[in-house]
Amino acid sequence: MATLIVVSLVVAVLAPLAAFAVAGRRFWASVGTEAPAGLLQRHGLEAGDTLGVQRAMARGRRAESDRLRPAVVEWARTTLEATAEQERRHPRRRAVALGLTLLGGVALVFAVLLALTDGGAGAGFWLVVVLSLGLLVNLVLLPRLVRRNLGRAVELNA
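Read on for a plain summary of the structure. (Residues numbered from 1 in each chain as written. Predicted model: local features only at pLDDT ≥ 70, side-chain atom pairs only at ≥ 80, totals over all residues. Heavy atoms only, no water.)

## Overview of the nonpolar core
Counting residues in hydrophobic clusters, the biggest one holds 17 residues, and the most contacted among them are Leu45, Val53, Met57, Val72 and Ala76. Within the residue set of this core, elements represented by two or more residues are helix H3 (39-42), helix H4 (50-59), helix H5 (69-89) and helix H7 (123-157). Excluding residues that lie within four positions of it along the chain, valine 72 makes contacts with Val53, Ala56, Met57, Ala63, Ala153 and Asn157. (Core = buried A, V, L, I, M, F, W, Y, C linked by side-chain atoms within 4.5 Å. Buried < 20%, exposed > 50% of the residue type's maximum accessible area, 1.4 Å probe, protein only. Helix = DSSP H or I, 4+ residues; strand = E, 2+ residues; numbered from the N terminus. Contact = heavy atoms within 4.5 Å.)

## Some points on H4
Residues Thr50, Val53, Ala56 and Met57 constitute the buried set of H4. The buried residues of H4 occupy an angular sector of 135 degrees when the element is viewed end-on, so they sit on one face. Trailing H4 by a residue or two, glycine 60 shows a phi angle of about 70 degrees, which is positive. (Arc of directions from axis to C-beta.)

## A few points about the environment of valine 72
Mapped onto the elements of the fold, valine 72 is located in helix H5. Residue classification places valine 72 among the buried positions, given a relative accessible area of 0%. When the C-alpha positions of valine 72 and glycine 52 are compared, they lie 8.8 Å apart, and in sequence the two are 20 residues distant.

## Digging into the side chain of asparagine 149
Mapped onto the fold, asparagine 149 is located in helix H7. From its side chain, asparagine 149 meets the backbone oxygen of alanine 58 in a polar contact 2.8 Å long. At 3.0 Å, the side chain of asparagine 149 and the side chain of arginine 148 are in polar contact. Every residue in contact with asparagine 149, bar those within four places of it in the chain, is listed here: Met57, Ala58, Arg59 and Gly60. (Polar contact = N/O pair within 3.5 Å; in protein donor to acceptor, adjacent residues only side chain to side chain.)

## Looking at a positive patch on the surface
A cluster of like positive charges, contributed by Arg55, Arg59, Arg61, Arg148 and Arg152, occupies part of the molecular surface. Of all the secondary structure elements, the ones that give two or more residues to the positive patch are H4 and H7. With respect to the helices and strands, arginine 61 occurs in the loop between H4 and H5. (Patch = residues over 30% accessible without salt bridge, like charges linked within 9 Å, V, L, I, M, F, W, Y side chains within 5 Å. Areas by Shrake-Rupley, 256 points an atom, 1.4 Å probe, with all protein chains shown as cover. Salt bridge = Lys/Arg side-chain N within 4 Å of Asp/Glu carboxyl O. Lys, Arg positive; Asp, Glu negative; His and termini not counted. Charge placed at Lys NZ, Arg CZ, Asp CG, Glu CD.)

## Examining the side chain of aspartate 49
Take aspartate 49: it is sitting in the loop between H3 and H4. Aspartate 49 sits in the buried class, given a relative accessible area of 12%. A distance of 2.9 Å separates the side chain of aspartate 49 from the side chain of arginine 67, its partner in a polar contact. Dropping the residues within four chain positions of it, aspartate 49 is found in contact with Arg67 and Leu68.

In short, the description is geometric, and any link to function would need to be established separately.
This is the structure we're talking about:
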């Protein structure tokens, strides 16, 4: 039982840290924060229009104004291309991300086993659950959500 707790805590603590470092978190955090060079000028927009373009792009929605829509499409396409390039340049990240996702799943299984055998009320149990869920959100949910919203932004504003 003690071994199960120690292994689950090690996996739950180290896996999210590795996921943060390996899965390109810095890249996802910067998606859509900087407009491509000359975007505003090409579409005849002002600096204040950037927020409307970013909102439509990040939420995967149709821009409120017709004049913002071409900029949303261009920026979202540019960002999708950048994500594809990032994945192409770092092929090992996908393998590492898959391994870390499996570790997160293992940590959740250990958490369930702890809950069934020990009641799971201890701090270690909740640490395993929270960190494992954070790992899975960072590696699986966040990248898919960003890609989906960017794709929707292109579709709805084209």
